[in-house]
Amino acid sequence: MPKILTYIEAISEGLREEMRRDPSVFLLGEDIGTYGGAFKVTKGFFDEFGENRVIDTVLAEAAIIGAATGAAIAGMRPVAEMQFADFVTNGFNQIVNMTAKYHYRNFVPIPLVVRLPSGGGIRGGPFHSSNPEAWFVHTPGLKVVAPSTAYDAKGLIKSAVRDNNPVVYLEHKYLYRHIKGEVPDNDYTVPIGKADIKREGNDISVITYHTGVHWALEAAATLSNDGIEVEVIDLRTLLPLDRETILNSVKKTGKVLIVHEASLTGGIGGEIAAIISENAFEHLDAPIRRLASLDTLIPYAPTLEDYFLPNTQKVSDALRNLARY
Amino acid sequence: MSKVEVVMPQLGESLTEGTIVKWHKKPGDKVRKDETLLEISTDKVDSEIPSPASGVVTKLLFPEQKTVAVRTVIAEIDTDETAAASAASAPAKPTAVETAPPKVEQKSPVQEVRPVATPQPSLQAMPASGRFYSPLVLNITREEGISMMELEQIPGTGEGGRVSKKDILAYVDAKKKGIALPQRAAAPAAAPAAQPAAGPSAPRIESTLKHVESGDLVKKYPAPQYEILQMSNLIQKMGEHMVRSKQTSPHVYEIHECDMTKVDIVRRRNQDGFEKREGFKLTYMPFICDAVVQALKQFPLVNCQIDGDKIIVKKFVNLGIAVATENGLIVPVIKNADEKNFTGLARAVNDLATRARMKKLALPDIEGGSFTITNYGGFGAMMGTPIINQPQVAIIGIGSIEKRAVVINDAIAIRSIAYFTLSFDHRIVDGALGGSFLSAVIKKLENVDENLLV
Amino acid sequence: MPSTTKSKHKKSSPAPKQTAFSSLNGVLKPDDYLKLYRFMLLMREFEETILKLYQQGKIVGGAYSGRGNEATAVGSTFALEKTDYLFPLHRDIGAHFVKGQTVRNMMLQHLGRAGSLTKGRDGTGHYADPKLRIYGNISHLGAMVPVACGVALASKLRKEKNVVMTYIGDGGASVGEVHEGLMMASTMRLPFVLIIENNQYAYSTPISKQFIVEKLSDRAIGYGIPGITVDGTDVLEVYRVCREAVERARKGEGPTIIESVTMRMAGHAAHDNAWYVPKLLLEQWKKKDPIGQFEKLLMDEGILTTQKKESMLAEMRSVLEAEAQYALEQPYPPGEQASEGVYAE
């Protein structure tokens, strides 16, 4: 019997199943043991798996990521939790210089997952709301995933744990408890590197992930009433990108809106736009448009944050503009 | 660093300021000499301003929509040899990094980019109309074997009349099924002003205007029920001129019927030969211009202006032709129209209308008119009451040319009829003069020389 | 007995060599002494060979010298078992050899050849050889400490009783990740030994500008773990102290910091003539040459003879020359291999 899980429950369940399946999987991070994690992703894990598999560490992100890398070098499958994605900067050197560069130089697999609770919309302000994916997408050697649904969240955490490469797993904090979805009972995975068409349409492609998927789906439903059929591509994996799915959709619709919650400049939208113009230029019937957060900090006051973030209305407006073009 | 200053140009002796409508470059951008640097708008004309030098734009000193005095420095360009050289070569010679397809890339499992696909330049020549076609539309055009000339005739439903994917696919589909092909209302190179028979195809001015997204009005007129647009300089000035004209001149209107049947016959008889010879379509407009010029010579007071208690009679005819463009109404002027023959007038009409739509008019092109013709018939109007273009004293308006049943020699006949309106300034032109003038215009048209073009 | 952080053990008054020597009787066999000597000599001769190749323009990147550090590199690693993990620095070439690395692999690695352990993707000692449990340094030396801790964590979680030894310089010891790693190692009682190679200079920066504690081992107080300072030119002392730390780690008693005091007898790398180092300082340290001191001791004890030394040296040099020649004849990897192997299967 398939069941309905929240996004966060899906992540927990995926992790729990992988830990039961493979004794080399263990977790480390701040407050993840007896406390169950700042967001309770690992609630109950300590009791089930014990202190040697659910390890509370010192408050030192470089040590957490570095130790996870070391354990992976030694053949284990660590899953490191950053309490907030924002704090990964403290361990940035470890990820980009140690973790990401290890296999290419030494042919030693690094089966490591770094979980980053990311994203805004939770009134977290400048230091608890970031979407840092672009940094890691620009780091060869890593894989970067960003699920938008409960099904994908579970399937991707399981794939990430089983992958022999370091995977940055971006879990969106706003989606944690706002999104529920059906999750099958059987042991399934969602392949890394494969985008998903969340809605089919012939008129405009929205290429997005995380919260953007939900904005796009809501906007698409509205526009459909006016006869504009929007295709929603959920990237799910940001590195490596599923170029084929992106390009096929563009070739079908001829118009593209790229949506992400991360800030505009230097965001992954620019990369996708470049891929499209390099490979599908002659299929474009309109300029490629991007919708993203402002190029500012993520502000604290609700009015400011709401203005900063994209939302369904902004996606809808952008789509109508494209339809009109 | 050698610096070149860009100043707000004076596009006419009387001008003191200009508005920066749009910067085409940002600081840091390379620019070639004579490449468009910005668009400006003045009281009289909108114009693209070419860069005075090659180099790198270092500073833009004023934002868009800012009005500044002429000769004010508005931008700076660094013309250092290196900067200038790379700017000059940039479009022609992309760097190796951009284009050289490293062999390994193809094998690369990480980077699956195909060696940058040099897109086949679309085979067609660029359209003469300046109409924009998306890569997809050009691609479909090529695959379906549609010529540029054919493409130019396809009506567009996209923004600003753009031919969208749907439009071209509908056209291809209709063509394959042998259904009547949709045709664009007016050929882009010909003036709708000169095509009274053509269907309505008003340029979509609103698509060229900036959206207003902040300010009090946004609250008063909330989206999506409302959309707030910024009036362009041109539109604002048009409004001011119109109001001033109505306040200055007591307008009187006379409407006469004109039988265009003979003009139509002459036009159609000579159409093909004319187009082959001149490269553009023969319209009604040169016939009307010719008749107006001759009538003005006959009634010089209609070709005058008032200065205080003096009447200034002009010994030349500078004929203004109102043209609707996507930026608004503009009235280019055929200078010394009285010195041109029929073909000369036809060429002048075609040239000005084309350049008006491509925003290539210079200030002299729109200055110094002594009389104006406006043609609203192209948009379907049977009659109109045009406003005089100050400081002139009269304007003639041309309604749509329609086949009507009329009585000739007690018999009912089908004739091509148009209603001509003369709006005149009763301070100087009275009903007798106005009526005589308009009758003269019509008489000349109704008795057009059949061998005019032979 | 050198002991914990309270130790009065100072580099200026090392334990008498005879004492150190005799205290290891029963631990080291006569043959082991010769091995220690041989590894130190090999390290120096290998580096001399590399320096020559560098001067001939045959080394792609830089060439580093561990002159003065031979006793630290060799003595410390000699305390490890085959199953222990080693994370050496660029001045610890001898450590690689002690842990079983071949001259051939090291030569190919320095010359960036296709057949090297990294297939030419990285140079010098920047490689990993999981079979030998050698995990070479990256340029961000401080970043190695948390990773080494992670290996120690894995060892602890799997109850393998393997010890991880890593190094940091007096310069690298200032990097924040070293602190983070030590925080984790100490709180988790990881089987971990950190050797701080205090060789007086970080590139051109003297230690006077790098720390104001008396000894770098004093930092151990902050972590609640043993901290020992040892004469880094005395291979037996280094070995003895490291052996104790390794045993303690293996018994589950947690990590140790060992400051090994020595002198960098060359510039930061081959391009640097170290003009900023006072000549007098070099003269003084020259008298404490790790190889010279140990050689004298072995000869005094009758373990080594001049004849034995000469034949050892001759054989070593001929091997090095042959291996250098072999490596030079090997091809570079084909360029297109650059795009392969970003991900593991």
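The model shown is predicted, which means the values in this text are computed figures rather than measured ones.

So, on to the overall build of chain B. If you tally the helices and strands in chain B, you get 13 helices and 19 strands. The burial tally for chain B puts 44% of its 454 residues in the buried class. Sequence-distant contacts in chain B: of pairs separated by 6 or more residues, those separated by 24 or more amount to 62%. Accessible surface for chain B amounts to roughly 23100 Å². Of this, 54% is attributable to carbon and sulfur atoms.

This part takes up the nonpolar core. Core analysis: the largest hydrophobic core is formed by 156 residues, its most contacted members being I207 and I276 of chain A together with M107, F192 and F294 of chain C. No other element matches the 12 residues that helix α2 (residues 30-55) of chain C contributes to this core. Here this core spans two domains, since at least three of its residues come from each of domain 1 (3-183) and domain 2 (196-324) of chain A. Y284, L296, A348 and L363 of chain B belong to the second largest nonpolar core, which has 60 residues in total.

A word on the confidence of the model for chain B. All names here are of chain B. On average, residues of chain B carry a pLDDT of 80, and 81% of them reach 70 or more. Per-element confidence in chain B is highest for strand β17 (residues 394-398), whose mean pLDDT is 95, and lowest for helix α2 (residues 96-99), whose mean pLDDT is 37. This model gives residues 83-125 a pLDDT under 50, and the stretch forms 52 contacts once residues within four places in sequence are excluded. Residue range residues 186-200 is modelled with pLDDT below 50. Its contacts to residues more than four positions away, or to other chains, number 43 contacts.

Time to look at helix α6 (residues 150-162) of chain A. Residue and element names in this part refer to chain A. In this model α6 runs 19 Å from its N-terminal to its C-terminal C-alpha over 13 residues, within 8% of the 18 Å that 1.5 Å per residue would give. Burial analysis of α6 places 11 of its 13 residues in the buried class, the great majority of the element. Looking only at α6, the buried set comprises A150, D152, A153, K154, G155, L156, I157, K158, S159, A160 and V161.

In terms of domains, chain B is made up of domain 1 (3-89), domain 2 (135-177) and domain 3 (234-446). Between the C-alpha centres of domain 2 of chain B and domain 3 of chain B the distance comes to 35 Å.

Looking now at the sheet that holds strand β6 (residues 55-60) of chain B. All names here are of chain B. With respect to topology, 4 strands assemble into an open sheet ordered β1-β8-β6-β3, the strand pairing being antiparallel. The open sheet has two free edges, formed respectively by β1 (3-7) and β3 (30-31), since each of these has just one partner strand. Looking at chain direction, β3 and β6 are connected through 2 bridges and run antiparallel. Across the sheet, residue K30 finds its bridge partner in β6, namely V56.

Here we take up the side chain of S76 of chain C. Note on placement: S76 of chain C falls in helix α3 (residues 70-77). One polar contact links S76 of chain C to Y167 of chain C, side chain to side chain, over a distance of 2.6 Å.

Residue and element names in this part refer to chain B. Spatially, the 4 strands line up as an open sheet ordered β5-β4-β2-β7, and their pairing is antiparallel. Each having just a single partner strand, β5 (46-50) and β7 (67-69) make up the two edges of the open sheet. Across this sheet, the average inter-strand angle for adjacent strands is 40 degrees, counted without regard to direction. Pairing between strand β2 (residues 17-23) and β7: 3 bridges, direction antiparallel. The residue bridging E17 from the neighbouring strand is A69, located in β7.

Here we take up the domain arrangement of chain A. Residue and element names in this part refer to chain A. As far as domains go, chain A holds domain 1 (3-183) and domain 2 (196-324). Using only C-alpha atoms to locate each centre, domain 1 and domain 2 end up separated by 26 Å. Taken residue by residue, the interface counts 34 residues in domain 1 and 25 residues in domain 2. Buried area between domain 1 and domain 2, summed over both chains or domains, comes out near 2200 Å², and the portion from carbon and sulfur atoms is 59%. When the buried surface of domain 1 facing domain 2 is broken down by residue, R123, V137 and A146 rank first, second and third, together holding 26% of it. Remark: the boundary between domain 1 and domain 2 carries 4 salt bridges. Taking the shortest distance from any N to any O, the salt bridge between D306 and R123 comes out at 3.0 Å. If you look at where domain 1 meets domain 2, you find 15 residue pairs in polar contact (both at pLDDT 80 or more). Elements represented by at least two residues in the side of domain 1 that touches domain 2 include exactly α5 (133-137), β6 (143-145), α6, β7 (167-172) and α7 (173-178). If one sorts the elements of the side of domain 1 that touches domain 2 by residue count, α5 sits on top with 4 residues. For the side of domain 1 that touches domain 2, the per-class residue count stands at 16 nonpolar, 13 polar and 5 charged.

Taken together, the 41 residues of chain A in the interface contact 40 residues of chain C. Summed over both partners, the interface of chain A with chain C buries about 3200 Å², with 66% contributed by carbon and sulfur atoms. For the interface between chain A and chain C, the tally reads 1 salt bridge. Across the pair D122 of chain C and R105 of chain A runs a salt bridge, and its minimum N-O distance is 2.6 Å. Along the contact surface separating chain A from chain C lie 18 residue pairs in polar contact (both at pLDDT 80 or more). Among the elements of the structure, β2 (25-29), β3 (54-56), α3 (61-73) and α4 (92-106) of chain A are those that each provide at least two residues to the side of chain A that touches chain C. Across the side of chain A that touches chain C, the residue classes break down as 23 nonpolar, 14 polar and 4 charged.

Attention now moves to the pattern of salt bridges. A side chain of one charge can pair with a side chain of the opposite charge if their charged atoms are brought near each other. By the definition in use, this model includes 64 salt bridges over all chains. The partner of K158 of chain A in a salt bridge is E17 of chain A, with the nearest N and O atoms 2.5 Å apart. On the criterion of sequence distance, the pair formed by K158 of chain A in helix α6 and E17 of chain A in helix α1 (residues 7-21) is long-range, its members being 141 residues apart. Residue K158 of chain A is classed as buried on the basis of its relative accessible area, which comes to 1%. Close ionic contact of R104 of chain C with E323 of chain C constitutes a salt bridge, the shortest N to O distance being 2.9 Å. A residue pair is termed long-range when its members are at least 10 positions apart, and R104 of chain C in helix α5 (residues 103-111) and E323 of chain C in helix α12 (residues 306-329) qualify at 219 residues. Taken together, the shared-partner salt bridges in this structure form one network comprising K3, E13, E17, E18, R21, K154, K158, R162, D185 and D187 of chain A.

A separate point is the packing of α2 of chain C against α5 of chain C. Relative placement of two packed helices is described by the angle separating their axes and the distance separating the axes. All names here are of chain C. Axis separation between α2 and α5 bottoms out at 12 Å; the angle between their running directions is 30 degrees. One finds that α2 runs roughly parallel with respect to α5. Note that α2 runs across α5; the crossing there is right-handed. Contacts from L42, F46, T49, I50 and L53 in α2 reach V103, M106, M107, H110 and L111 in α5. Looking at the contact of α2 with α5 residue by residue, the class counts come to 8 nonpolar, 2 polar and no charged.

Moving on, we get to the environment of G94 of chain C. All names here are of chain C. Take G94: it is sitting in helix α4 (residues 93-98). The buried category is assigned to G94, whose relative accessible area is 0%. For the pair G94 and F78, spaced 16 residues apart in the sequence, the C-alpha separation amounts to 10.0 Å. The residues touching G94, leaving out its near neighbours within four places in the chain, are M43 and V74.

The rules we used
- Residues numbered from 1 in each chain as written.
- Chains lettered and ligands numbered in written order.
- Predicted model: local features only at pLDDT ≥ 70, side-chain atom pairs only at ≥ 80, totals over all residues.
- Heavy atoms only, no water.
- Helix = DSSP H or I, 4+ residues; strand = E, 2+ residues; numbered from the N terminus.
- Buried < 20%, exposed > 50% of the residue type's maximum accessible area, 1.4 Å probe, protein only.
- Contact = heavy atoms within 4.5 Å.
- Areas by Shrake-Rupley, 256 points an atom, 1.4 Å probe, with all protein chains shown as cover.
- Core = buried A, V, L, I, M, F, W, Y, C linked by side-chain atoms within 4.5 Å.
- Domains from an automatic or database assignment.
- pLDDT = per-residue confidence, 0-100.
- Expected span 1.5 Å × (residues − 1).
- Pairing = 2+ DSSP bridges.
- Polar contact = N/O pair within 3.5 Å; in protein donor to acceptor, adjacent residues only side chain to side chain.
- Axes fitted to C-alpha atoms, helices over the stretch in contact; angles between N-to-C directions.
- Buried area = accessible area lost by both parts, 1.4 Å probe.
- Salt bridge = Lys/Arg side-chain N within 4 Å of Asp/Glu carboxyl O.
- Nonpolar A, V, L, I, M, F, W, Y, C, P; charged D, E, K, R; others polar.
- Parallel < 35°, antiparallel > 145°, perpendicular 65-115°, else oblique.
- Left-handed = near helix turned anticlockwise from the far one by under 90°.

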